[in-house]
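# Report on the structure
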Amino acid sequence: MQRDELAAWLRLTLAPGVGNGAARRLLAAFGLPQRIFAQDEQAWQACVSAAQARALATPAPELDALLERTWQWLQEGRAPAEGQAARAIVTLGDAAYPPALLATEDPPLLLYLLGAPRCVQAPHAFAPAGCLAMVGSRNPTAQGVDHARQFARALRGAGLCIVSGLALGVDAAAHEGALLDAAEPDPSTPATIAVVGTGLDRVYPSRNRELAHRIARHGLVVSEYPLGTPPLPANFPKRNRIISGLSQGTLVVEAALASGSLITARLAAEQGREVFAIPGSVHAPQSRGCHALIRQGAKLVETAQDVLEELRLPPATPVPVAQEQAPQAHGDAVLQALGFDPMGVDALGARTGLDAAALQVRLLELELDGQVARLPGGLFQRMGRA
């Protein structure tokens, strides 16, 4: 991409009040942005409103600074050193634009790419038959984290690229699972794609910074937002259409009824893609969204093979079951590890690393607080709260 071409695309995307739909009408009528800006306001009004035409006539004040910043960002990623990520921008007019996204209702005008050179330079890296979205709760149970990690590992082993959103919880576990094995089933495709809601010069949440760097070494980080874009709340539901749009199907691991993961599942269904859901405990708020999806027709899955069969892909190579991981550091460690299914003290101790005495004290505190129930046979269960 030449600098003047980049300037025209940025000017189009920055024009206030000119959204993707209006921009696509202009592109269809006049061709690439440089040709759009060779027209006058009267010509533009055949496609957009008078107010939108006035906005197009005056470049945004931040255009020059953003152009310089973006051009330098691209130059620094053209010939990355060993182990560093490559950088690119794919436009709606490029042959390398993901065909799966092009077929959706609202394809982004620009896609900023940061990742392994072999992935950034491979147009077929986005092939929909090779991608599966995995999404879920930002506050999953210990079982949910393990499910996300193990499903992602098995499905990556079958050759699928795992697409998710780099959020805490299920998203992060899915990316981690896809990165677990050093051997790449298909080295020309990404192990995992993270679709983010910020500019690619930022990592959000910051807790996932190291994970984002690993993804950039072995896969792709993708955004439709210009460099410098902060983590605005409205950006994250919007980016979900890219997660589902890149993928042949979407697997929801855990989700509450009000979860953003259900937005991704709905978008996948609207885009004509498959929707899968893993059932969970009837006591767990994080399972209610999955159960609702199953009632609405999503395919219930218990193994990675269920997904592969529905997608008509070859069986996965069995992977060893990982030892149960300690829960995430945020929140109460015992509650995170306990989940919503009955569990004994020995198993809980293995998950938390606490000795029996300390664990009994904490369980008693949680029991008195009404957060844990003591069951017959020395079992404990987390109490569900809506």
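Along every chain, residues carry numbers that run from 1 in the direction the sequence is written. Two thresholds apply to this predicted model, a pLDDT of at least 70 for residue-level local features and 80 or more for giving and counting side-chain atom pairs, whereas whole-chain, interface and lining totals are computed over all residues. Heavy atoms throughout the structure, all of them, feed into the side-chain values; hydrogens and water do not.

Next up on the list: helix α1 (residues 3–14). Counting from the N terminus, the helices are DSSP H or I runs at least four residues long and the strands are E runs at least two residues long. Expected span of a helix: the number of residues minus one, times 1.5 Å. Relative to the 16 Å expected for twelve residues at 1.5 Å per residue, α1 spans 16 Å between its end C-alpha atoms, a close match to the ideal helical length. Type-normalised accessible area, obtained with a 1.4 Å probe on protein chains alone, sets the label of each residue: buried when under 20%, exposed when over 50%, and partly exposed for intermediate values. Looking at α1, one finds that the buried residues are Leu6, Ala7, Ala8, Trp9, Leu10, Arg11, Leu12 and Leu14. A contact between two residues is defined here by any heavy atoms of the two lying within 4.5 Å. Those residues of α1 that are buried lie in contact with α2 (20–30), α3 (33–36), α5 (50–57), α6 (63–76), β1 (86–91) and β2 (110–115).

For the rest of this paragraph, the subject is unusual backbone geometry. Here the residue pair Tyr204 and Pro205 is connected by a cis peptide bond, since its omega of -5° sits within 30 degrees of zero. For Pro205, the location among the structural elements is in the loop between β5 (192–195) and α11 (209–218). For Leu166, which is not glycine, the phi dihedral falls at a positive 65°. Of note, the phi angle at Arg312 is positive, near 60°, even though the residue is not glycine. You can call Arg312 exposed: its relative accessible area is 79%.

Turning our eyes to something else, we now look at the packing of helix α9 (residues 142–157) against helix α10 (residues 170–178). Every axis in this analysis is a line fitted to C-alpha atoms, fitted for helices over the stretch in contact. Angles between the N-to-C directions lie between 0 and 180 degrees. Orientation of α9 relative to α10, taken along the N-to-C sense of each, is 35°, at an axis distance of 7 Å. As for how α9 packs across α10, the hand of that crossing is right-handed. Residues Val145, Ala148, Arg149, Ala152, Arg153 and Arg156 of α9 form the contact with α10, whose own contacting residues are Val170, Ala173, Ala174, Glu176, Gly177 and Ala178. Following the grouping adopted for this structure description, the nonpolar residues are Ala, Val, Leu, Ile, Met, Phe, Trp, Tyr, Cys and Pro, the charged ones are Asp, Glu, Lys and Arg, and the polar ones are all others, Gly among them. Its residues assigned to classes, the contact of α9 with α10 shows seven nonpolar, one polar and four charged. Handedness of a crossing follows from how the near helix is turned relative to the far one, being left-handed for an anticlockwise turn of less than a right angle and right-handed for a clockwise one.

Limitation: the analysis is restricted to geometry and does not speak to function.
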